[in-house]
Amino acid sequence: MAVTDRHLVTAIVVTHDGETWLPAVVAALASQTRPADQIVAVDTDSNDSSTKLIKAARIPLISADRDCGFGDAVALAVAKMPKHIEGNSEWIWLIHDDCAPTPTALEKLLEAIEDRPQVAMVGPKLLGWHDRTHILEAGISIAGNGARWTGLETDEYDQGQHDGVHDVLSVSTAGALIRRDIFEELGGFDSNLSLFRDDIDFGWRARVAGHGVIATTAAVAHHAQASASERRSVDVNGAFLHRPLLLDRRNAAYVLLANSSWWMIPWLSIQLLGSAMARSIGYLLAKLPGYAADELLAVATLIVKPAEIVKARKFRKTKRLVSARVISSYIPPRWSQIRLSAARVTEVIRARILPVPESSSPSVLSSLEEEDLLVPTQRFQISKVLKNPAIFGYLLLAIITLIQSRNRLGALNGGALAASPSGARDLWGFYFESWHQVGMGSSHASPAWIAVVALASTLFLGKAPLLITVFFLGAPLLIMWSAHTFLRKLSNNQFITIPASFLYALSPVALASVNSGRLATLVALIIAPQIPMILSNWKQVETNNWRRIYALTILLAVLTSFTLITTLVSLGVIGFAIFSDYNEKLEKPLFLARLYKRLTLLIFPFVLVAPYSFEALIRPARFLAEPGLNLAGGPTALVLSGNPGGAGSLPWWAISPILLLLVIALFTSSNARSFAQVGISFLSAAVLFSSISITVHGNSAGTRTWVGTFLVGATLASVAAGVVILDRLRTVLIASNIHYRHILAGLLLIITSLYSLSSVGWSITAGADSPVQSNMKGVMPAFLTAEADTKTLVLREVGAENSKSIQYYISRGEDISLGEPDVAPGQVRAIELAAQELIDGSGISSSQVFSSYGIKYVFVKNPFSRNVIRTIDGLGGFARTSATSAGVVWRVTGVTGRIIFTAKDGTRSVLEAGEVGARTTVNGPGSITLTETFDRSWQILQNGYRLDRAKDEQSLPQFQVKEAGEISLLHDGTIRRAWLSLQLIAWTLVIILAAPAGRRKREISEKELA
């Protein structure tokens, strides 16, 4: 008699609509090398032919209700068995109707427990039903957040790496072998766990009762996991609306709370609730609201019935022989959970972004011939690498960028680019705050691009200056990459697409944007080529699915957050498209389908950057403004050649072939004509707006509009047209004799080559001394920045040597920082006149004006006209405090500060409550004047009451004080917080709509689940 024959084994098969898998299961039981001593089947009122198959196999059948759980079904079978005889080795072998053990499974299970008398439960290695190389489980545990833990990688291939006999917390009931006496002693499976997690619960209870649980990989079974993968209906009690995920998550929480030490329950409750919320958010992003609801309802069903947990803990306490801590070594460490979760998320993202076809991953060995192993490998030759046009093009651009950026290797500012704050926290604070200490103060909404930059700064450990520096260094390469991804859709010839994308990265608008610090235009240069790739068919826009529309909406919203010119472009393009659709007299359903998607692309990006975009409806000049200091663009004649002009732009003699390409393409019969029409439209818009002067960012004087964003469209269209022309022309020229096409092509190449040489030569020589430099000295000297938030009127000369002008602005104790120009208030006319009178020597009352507006210092930055300095010295009301190489500083005489208290007798004094929220006291009735721009959100509380607010003669907020007491200055940010909340909701909604939709498990093929 074999050693394994001394054990009595009863196989219990539980069936529930399992006709798909049951024939293979019955055949597997019949082919065991060590057959079970008896087989019993329990059918839970199957609606298919499961009972017929069982009866045909002559297996005794026990009928149960349809809502009977797995544990209750097993209990019915055990109750029908003859009474256990003390001293006999009797085992029950649990078989699911979708679990087929291999022929030696039972024999190997019995061999594993032969020399291990303490073992109460042993399980096989479970492999996939369809993919039989996919290992599912070799022992299981439970994580602190309730997740089922196998310790395996996603879709891990079974190569014997987990083979052996292992001590585990539990094993799956699919194929588990359990000692009958211990099963009955522990009360069987918990009736509250009708399905799912009953295996982990039983293994946990067996462990704390002093018994062992092992998994032996010598025994193998194939499991289809039909219930968990939603291949059949789940009809047991507790499965609300037949939802297996809800039941699984509820039972997971139940197992943890019923079995863990009492002092762990609060921490586990927090973990379960937190992980449920996190997973529900993930399911919402995947557009699976049902699964999201399951996660939250699972926890809620336990919260509303705490008596179940209390009763379960009392029962477990009676069976516990060892400390509950005995299972701690089987609970996976948190780091392992995080690592495996991160690996799974990475794999999902990789599979979506870089799907690998099945045929693309052949075996390495199959591709090697025996003689190949004897042939020495060739030595690496750099010349062969450089012959690759892509590598050569990117490498050449990187070298040119490094040379022309030799003065930009550090914290950048200058041109339109304001100095970066020290960290992302400052940017977030600036974005969220309702009041900005810029000029005379501003309650304007912060532009959304501040949040984009702050978010990107987190990738650089919160170092905003480092992000800006890396962005300006890497921008040309990103621009070239983006253009190449688009252009290779137009031509497969890299000898055409690589030079074209190289020229796009060195176009006049690209060079001028880098040199003058134009953040928005650089972002537009990177994003623009991606727009036609996402929206492949603009004319028949209805053929694009909604997810693609919302993905483009996000891209346009990011671009709109940097510049509202995007809205003008969208309005023109979409308005023309709607007009064209209307003229085609389309059928109403088709017209509306196009209309809805076009309007979504117009309205949603505008709404996503609200309220900054809504404020532009009141201040229309914002629609033509870009982030940063408002620098003038170039003249119309220069713009016509594709050069935006202004500081840091290419000189006029470096004429680009943009206009020539667009004109030539306009007379072709290929797709190049469409690109030419688009390009000429953008170029015409650029010429039109370049003739307009705008007043934005707190400046009182009009400045010629920078039209770089319009020229991005013209440049991209020109490059695309050139690629299409050359791609077709190359074949024609080869096949024909020399004629005018050869001459035109040669002329175009010569002009393009001359532009390339001239632009590269200028950019690495004179262009390197661009307005944007690293570690440039600030305007404000260090001694003036010591007094935080102190208003200083700064005078400095700007402009070229032969056309200098005097600029004046109000500093708040430091140089203007990133984002501040975008929210700067308009200049106060009284201060503007006082500053002008100060310069021309007629400012007798200038000091009084400055004092009433809280301006404490006047700073003249060197170099400056000595006559003006002597004039200020001669005026009354100014006391010179210092004169250094940085400039000259005067203190404004009189009582000046942020909060001025005027007593009933007219005596003025400065209150120290300079910061919002700071407190101070007043000694009696009078008036308090706040030297900030008037805003309805300003409040002063005294003794718990709000003081009446009004405007004084300078239009500053003034509050009436009726008695002595403590006061507190507040700026009510409720409206700002409301806008931020709406913005967060809108972005979340659009991201969810743009995200790939997840699939329910029933929608995934069995092959994928295997």
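For the structure itself, consult the block above.
What you are looking at is a predicted structure, and each value in this text was computed from that prediction instead of being measured. (Residues numbered from 1 in each chain as written. Predicted model: local features only at pLDDT ≥ 70, side-chain atom pairs only at ≥ 80, totals over all residues. Heavy atoms only, no water.)

Novice: Tell me about the packing of aromatic side chains, and please be specific about residues and values.
Specialist: Counted by the stated rule, this structure contains 18 aromatic pairs. With a centroid separation of 5.3 Å and 70° between ring planes, the pair formed by Tyr283 and Tyr291 is classed as edge-to-face. Looking at Tyr291, the relative accessible area reads 6%, which means it is buried. Look at Phe850 and Phe878: their rings are 6.1 Å apart centre to centre, the planes differ by 65°, and that puts the pair in the edge-to-face class. Highlighted residues: Phe850 in helix H32 (residues 846-852) and Phe878 in strand E20 (residues 878-883), separated in sequence by 28 residues. Each of the two residues, Phe850 as well as Phe878, counts as buried. Directly above the ring of Trp546 sits Lys597, whose terminal nitrogen or CZ lies 5.3 Å from the centroid. Between Arg598 and the ring centre of Trp538, over which it is positioned, the NZ or CZ distance is 4.6 Å. (Phe/Tyr/Trp six-rings, centres within 6.5 Å; stacked < 30°, edge-to-face > 60°. Buried < 20%, exposed > 50% of the residue type's maximum accessible area, 1.4 Å probe, protein only. Helix = DSSP H or I, 4+ residues; strand = E, 2+ residues; numbered from the N terminus. Lys NZ or Arg CZ within 6 Å of the ring centre and 35° of its normal.)

Novice: Outline the sheet that holds strand E29 (residues 957-961), listing residues and values.
Specialist: In spatial order, the strands read E23-E22-E25-E29-E28; together these 5 strands make up an open sheet with antiparallel pairing. Edge positions in the open sheet fall to strand E23 (908-911) and strand E28 (949-951), since each of these has one partner strand only. Recorded for the sheet is a direction-independent mean angle of 30° between the axes of neighbouring strands. Where strand E22 (residues 899-903) meets E23, 4 bridges bridge the pair, whose relative direction is antiparallel. (Pairing = 2+ DSSP bridges. Axes fitted to C-alpha atoms, helices over the stretch in contact; angles between N-to-C directions.)

Novice: Could you give an account of the packing of helix H6 (residues 198-208) against helix H7 (residues 244-259), naming the residues involved and the relevant values?
Specialist: Two elements in contact, H6 and H7, have axes separated by 10 Å at closest approach and are oriented at 15°. When the axis of H6 is compared with that of H7, the two are roughly parallel. Our pair here, H6 against H7, has a crossing hand that is right-handed. Where H6 approaches H7, its residues Ile200, Asp201, Trp204 and Arg205 are matched on the opposing element by Val255, Leu256 and Asn259. Residues of the contact of H6 with H7, tallied by class, amount to 4 nonpolar, 1 polar and 2 charged. (Parallel < 35°, antiparallel > 145°, perpendicular 65-115°, else oblique. Left-handed = near helix turned anticlockwise from the far one by under 90°. Contact = heavy atoms within 4.5 Å. Nonpolar A, V, L, I, M, F, W, Y, C, P; charged D, E, K, R; others polar.)

Novice: Please set out the sheet that holds strand E26 (residues 938-942) residue by residue, giving values where relevant.
Specialist: Taken in spatial order, the 4 strands of this open sheet run E24-E30-E26-E27, and their pairing is antiparallel. Among the strands making up the open sheet, the edge pair consists of strand E24 (919-922) and strand E27 (945-946). Alignment of E24 against strand E30 (residues 965-971), held across 4 bridges, turns out to be antiparallel. Along E30, the bridge assignment pairs Val922 with Gly965.

Novice: Hey, could you go over unusual backbone geometry for me, with residue numbers and the actual values?
Specialist: In the segment running from Ala610 into Pro611, the intervening peptide bond is cis, with an omega of 10°. The peptide bond linking Asn862 to Pro863 adopts the cis configuration, its omega dihedral lying at -5°. One non-glycine residue, Leu461, adopts positive backbone phi at about 60°. With respect to the element layout, Leu461 can be found in the loop between helix H15 (449-457) and helix H16 (464-487). Residue classification places Leu461 among the exposed positions, given a relative accessible area of 78%. Residues other than glycine seldom take positive phi values, yet Ser955 does so here, at roughly 65°. With respect to the element layout, Ser955 can be found in the loop between E28 and E29.

Novice: Requested: an account of the pattern of salt bridges, with residues and values cited.
Specialist: The final tally for this structure, using the stated rule, is 30 salt bridges. The salt bridge involving Arg205 is made with Asp201; its shortest N-O contact spans 3.0 Å. With a gap of 4 residues between them, Arg205 and Asp201 both fall in helix H6, about one helical turn apart. Looking at Asp201, the relative accessible area reads 0%, which means it is buried. Between Glu932 and Arg812 there is a salt bridge, and its shortest N-O distance comes to 2.7 Å. Residue Glu932 is located in the loop between strand E25 (926-930) and E26, and its partner Arg812 is located in the loop between strand E18 (805-811) and helix H30 (820-823); the two are separated by 120 residues in the primary sequence. A residue is classified by how much of its surface remains accessible, and Arg812, at 7% relative accessible area, is buried. What you see here is one network of salt bridges that share partners, running through Lys539, Glu542, Asp581, Glu584, Arg594 and Arg598. (Salt bridge = Lys/Arg side-chain N within 4 Å of Asp/Glu carboxyl O.)

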